[in-house]
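Take a look at the letters that make up each chain.
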Amino acid sequence: MQLPTRRAGAGRSPLVRPIASRLSSVVRRLSPLPLWARPLLLAGLPVFLLLVLALALFAFWGGTQVRSLEQSLYDSDTGSSTSTMLGQSFLSTRANLSRIDVQLSAFPNLSGDGEIRLLQGDGTTGPVIYTAPLSAASFAHDPFLSIEFSPIASSAGVTYTLVLQTPDSPLKSALTVRYNSFDVLSSGRMYTDDGPSQGDMVLQAYYRYGAVDFLGDIASSVSGHALELFVWLLLLLLPGLALLLWLPGGLNGGQALLAAPGLTALILPVLLLVLRVVGLPLGGPGMWLVLLLSALAIGVRFYRVRRAGQGARLIPGTMDDGRQTTRPVASPSSILFWGLLAAVFLATVVVRMLSLRESVAGMGLDAYHHTLIAGMIVDHGGVPSNYEPFAPLSSFTYHFGFHTLIAAVSWLTGLTRPEDLLLLMPQVGQFATALPVLTLTLFSWRVLNNRWAGLLAGTLVGLFSIFPAYYVNWSRYTQGLGLALLPVAWVLFLNVIERPRSAIRSQTAEFPLGGADPGSHSALRNLQLSGPYMLAVIAVAGLFLTHYRIAMLFVVMAALYLGGRLLATVRPGRAATLNIPLLLRRVALTAVLCLAALSPWLVNLLQNFRSHLSGRGGPAPADYYDLVPLKGLLLHPTMWALYILGALGLLLAIRRRMWPLALVAATWAIVGLWSNPYLFGWLVPGFRLPYSGYLDVTTWAQSIWLPLGLLSGYLLAEVARSALNMETELSGALRRLWGTGARGLAAVALVVAGVVVALPIAFDLDSKPYIAQADKDALLWMRDNLPHSSFVVANPFRFGWSDAIYGSDSGMWVPFVAGVPASVPPLPAYNESLADPNYLGNVLDIIRHEPLANKPMQPEDWQALKDRGATHIFIGTRSGNGGLDIPTLLASDHVSLLFQRDGAYLFRLK
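Undergrad: Help me understand the overall build of the chain in this model?
TA: Scanning the chain from terminus to terminus reveals 28 helices and 20 strands. Relative to its full complement of 910 residues, the chain shows a buried share of 56%.

Rendered as structure tokens:
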């Protein structure tokens, strides 16, 4: 299918006809090269691809180191100890244990006598598994001393003891080890010359994860969760595909298949908003009814097309000639494209899910409120109106598109308990960050008429880039889903704006007569005439409900697009070819319909939403707009590759007048200028652009992978086409063999190399998750044992740029999982209306009396906590950050210990 602004066979952008000829390809045109160089180039490409594939397979088989155990808390070190030996026992949770890291507090001296021993069992006298001199250890991972050994295949479920010893002198002469003075690793204990000691060393255990493990995980997931995977597939395909089969979206069959999952994700929040307005819940039965109706709609569409016979189109409104053959044959290029796309998408999904291999819940501060909101939608059967009973917040204004997707999966699979949603939330989120593989392919295919550029763009951001894979550490899944859906919304919006009148006048050809009631044809015609607007409204409204700031990107993109179209009219001879009044009418009508569809939610926002950060003055919020914390990620080698390829791709796009790519790049460039209110402070003190900072620079920087991926994919597609088209120098069977072999070899090398690059990124996870297995055990214990009248004091912290209080560990999860209130609010609390005007003030009041680190507790503090309703104090395994002090609580007569596992402690106030 082609947009009307592109002439068939021209090979140009479908939006703006280029005015310059294509850049000549030196590789494709080999005539300037000597005759002797051509065979070298023809032979060199397969050799290069084979070398890349061989190296990738070698690295894939060798595997990567994956952290499986982490004890990160410390309050002391061995600098004052006279012990010659220090040991730590631990339980290995995975097979192929291959490395142990011990955190040091000073640079070590590894040149002297010393010994490393790994013993089986808990104690210093067990069988020796590994021994080496101290000098064999490495301090390359400063501040960790790394001890590597051959993988132990049978290490899963086995207890080991690591011993560091300098027989002739105190251990501190060689190294100073950090440790925690109280128990935070229940599966093991620390040893010195005097035997077992109180506390635990800071250490990390790693296992080797290789090709066999990777393939085994895929097999076990498919065999053990086949029904759930099938339900996911039905959910993602049926609703979106049903709409695209009945309404003209300007897409051909392949494009519709790519758009269907994204359109489903856009439909769900709009559907729940409509149901909220009419007062109807959805829930599990309603969700299954949606799938059933979608399946029936798809079946009816196939039936009508089959009954109509030749000339009917399955996808309405496509601008191909509608011809069909009795036995369609897919071209080798199409087979390769779809096979490679499927391989890349599945590999991306698998790698994304591997990031959760050791997780029991989402990571980062955002994980809690994403899980909480999804649980609220599940419980209400639709969009809630407040946060009660989990927090005294009388409004709900958070964008809920991502959470609706979680709720839909929850309803369909029956995973509706809080403990089920702990892991379901990040699973859906990880899938959302894999969707760009499909949606970027759709964008390039539909807008650039270059599906290979989109496939390569999706491959880059799916397998080769640190972003969006790193979102798992922050649970930035609303942003990830919003960016994944942005290309779908843009394509469906363009179908309204760019749709030629000829397609509307010929709409009657879409309906086979077949003796049906003429009135029904009239109704279907009216439905399809309004279909592009319906799809655009669903897409734009769904994008807004998924992420407000990504919707801002869409608005900027639309404004730049319209500005470019209007500027084009000033060129001689162009005004007659551009129907500007029609264009403006379509844009205005789409905007009005979108506002009408969103009006109930916009009224809710106007009445309740409060912005507590963006646009504030003063020096403190400036830290919020500082990119220094992201420096390591933004300068990651994969990002440097995208920067270079993206810059070259932008130059090529401008040279070839590929304006849609330039439009995307311009959108991010302009938004970047508005993303930091302090950007121009060095030039003019106090100056800021109007409304700057509402799409903050952090969100902008974390989203830059999307334009870079599109530009890089376009460049690589053009280079690959030039290289692979060298088959024109050959003839006959050799030409077919070379062409097919080189393309197939390139596809396999691309996927294997992508997995090799993606695995270390997937396992680059935060070493201090907010909620670990011990935290989950503690929360479930509280749910089963605490009275509903309990009130739990949880660990607080605040950012330097804000006065808002948040939870610093799993204590913030207490209301949702344990079912009793806690002292820290969910993150969205500062944007909502308060059911209790004193709620946030009470949070600060309680903190003044908490047993925090380096704060002596007075009797009146304990009494003040009880007067404010506190009955329990909980510290999660993450703890730290100058929060609640476990030693103070262990030594106090005002509390008693109820539960302890690893670093999770629950106390009862007496």
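Undergrad: For this particular structure, what's the right way to read the sheet that holds strand S3 (residues 85-92)?
TA: Adjacent strands of a sheet pair through backbone hydrogen bonds, lying either parallel or antiparallel. Across the sheet, six strands lie side by side as S6-S5-S9-S3-S11-S12; this open sheet has antiparallel pairing. Both outer strands of the open sheet, strand S6 (128-133) and strand S12 (195-197), are each paired with one neighbouring strand and no more. Strand after strand, the sheet turns through a mean of 25° between neighbouring axes, direction not considered. Pairing of S3 with strand S9 (residues 158-165), which is carried by eight bridges, proceeds in the antiparallel orientation. Each bridged residue has a counterpart across the sheet, and for Phe 90 the counterpart in S9 is Tyr 160.

Undergrad: Looking at this model, I keep getting lost on the sheet that holds strand S15 (residues 792-793). Mind explaining?
TA: Reading across the sheet, the four strands line up as S15-S18-S20-S19 and stay open at both edges, with mixed pairing between neighbours. Taken across any chain shown, the strands that pair with only one partner, and hence form the sheet edges, are S15 and strand S19 (895-901).

Undergrad: Explain the packing of helix H4 (residues 253-278) against helix H12 (residues 477-498) here, please?
TA: In helix packing, the relevant descriptors are the interaxial angle and the interaxial distance, both defined with respect to the helix axes. Where H4 contacts H12, the axes come no closer than 9 Å and their chain directions differ by 105°. Compared by their axis directions, H4 and H12 come out roughly perpendicular. The segment H4 lies against H12, with Ala 259, Gly 262, Leu 263, Ala 265 and Leu 266 engaging Leu 481, Leu 485, Val 488 and Leu 492. Taken together, the residues of the contact of H4 with H12 break down into eight nonpolar, one polar and no charged.

Undergrad: Mind showing me how you'd approach the pattern of salt bridges here?
TA: Pairing is possible between side chains that carry opposite charge, provided their charged atoms lie close to one another. On inspection of all chains with the given rule, the structure shows 20 salt bridges. Across the pair Glu 358 and Arg 94 runs a salt bridge whose closest N-O atoms are separated by 2.7 Å. Taken together, the residues Glu 358 in the loop between helix H6 (332-354) and helix H7 (366-380) and Arg 94 in the loop between S3 and strand S4 (97-103) connect sequence positions 264 residues apart. In this structure Glu 358 comes out as partly exposed when scored by relative accessible area, which is 34%. Counted as one network, the salt bridges with shared partners bring together Arg 417, Glu 419, Asp 420, Arg 783 and Asp 784.

Undergrad: Could you clarify how one ought to interpret the nonpolar core in this entry?
TA: As a rule of thumb, soluble globular proteins bury nonpolar side chains together. Formed by 251 residues in total, the largest nonpolar core has its most connected members in Trp 490, Trp 601, Trp 668, Trp 813 and Ile 873. Broken down by element, this core gets its largest block of residues, 15 residues, from H12. When sequence neighbours within four positions are dropped, the list of residues in contact with Trp 601 reads Leu 273, Arg 276, Val 383, Phe 396, Thr 397, Tyr 398, Phe 400, Phe 544, Leu 545 and Tyr 548. Counting residues in hydrophobic clusters, the runner-up holds 31 residues, among them Ile 116, Ile 152, Ala 174 and Met 201.

Undergrad: Is there a simple way to think about helix H2 (residues 211-224) in this case?
TA: Given 3.6 residues to a turn, an α-helix orients residues that are three or four positions apart in the same direction. Given a rise of 1.5 Å per residue, 14 residues ought to cover 20 Å, and the 20 Å separating the end C-alpha atoms of H2 matches this to within 8%. Along H2, the residues that are buried comprise Ala 211, Phe 214 and Asp 217. The buried residues of H2 occupy an angular sector of 130° when projected down its axis, which confines them to one face. Residues of H2 that are exposed and point more than 90 degrees away from the buried face comprise Val 212, Leu 215, Ser 223 and Gly 224.

Undergrad: How should the packing of aromatic side chains be read in this particular structure?
TA: When we look at a pair of aromatic rings, we describe it by the centre distance and by the angle of the planes. Summed over the entire model, instances satisfying the criterion amount to 35 aromatic pairs. Ring geometry for Phe 337 against Trp 445: centres 5.6 Å apart, planes inclined by 75°, an arrangement best described as edge-to-face. One end of the pair, Phe 337, is in helix H6; the other, Trp 445, is in helix H10 (residues 436-447), and 108 residues separate them in sequence. Arranged with centres 6.1 Å apart and planes meeting at 65°, the rings of Phe 396 and Trp 601 form a pair that is edge-to-face. In this pair, Phe 396 is assigned in the loop between H7 and helix H8 (401-413) and Trp 601 in helix H17 (residues 580-608), connecting sequence segments 205 residues apart. On the basis of relative accessibility, which here comes to 1%, the residue Phe 396 falls in the buried class. Connected via pairs of aromatic rings, a cluster forms that spans Phe 337, Trp 338, Trp 445 and Trp 452. One residue, Arg 301, lies across the ring of Trp 246, its end atom 5.5 Å from the ring centre. Positioned above the aromatic ring of Tyr 678 is the side chain of Arg 688, whose terminal nitrogen or guanidinium carbon lies 5.2 Å from the ring centre.

Definitions and limits used
Residues numbered from 1 in each chain as written. Predicted model: local features only at pLDDT ≥ 70, side-chain atom pairs only at ≥ 80, totals over all residues. Heavy atoms only, no water. Helix = DSSP H or I, 4+ residues; strand = E, 2+ residues; numbered from the N terminus. Buried < 20%, exposed > 50% of the residue type's maximum accessible area, 1.4 Å probe, protein only. Pairing = 2+ DSSP bridges. Axes fitted to C-alpha atoms, helices over the stretch in contact; angles between N-to-C directions. Parallel < 35°, antiparallel > 145°, perpendicular 65-115°, else oblique. Contact = heavy atoms within 4.5 Å. Nonpolar A, V, L, I, M, F, W, Y, C, P; charged D, E, K, R; others polar. Salt bridge = Lys/Arg side-chain N within 4 Å of Asp/Glu carboxyl O. Core = buried A, V, L, I, M, F, W, Y, C linked by side-chain atoms within 4.5 Å. Expected span 1.5 Å × (residues − 1). Arc of directions from axis to C-beta. Phe/Tyr/Trp six-rings, centres within 6.5 Å; stacked < 30°, edge-to-face > 60°. Lys NZ or Arg CZ within 6 Å of the ring centre and 35° of its normal.

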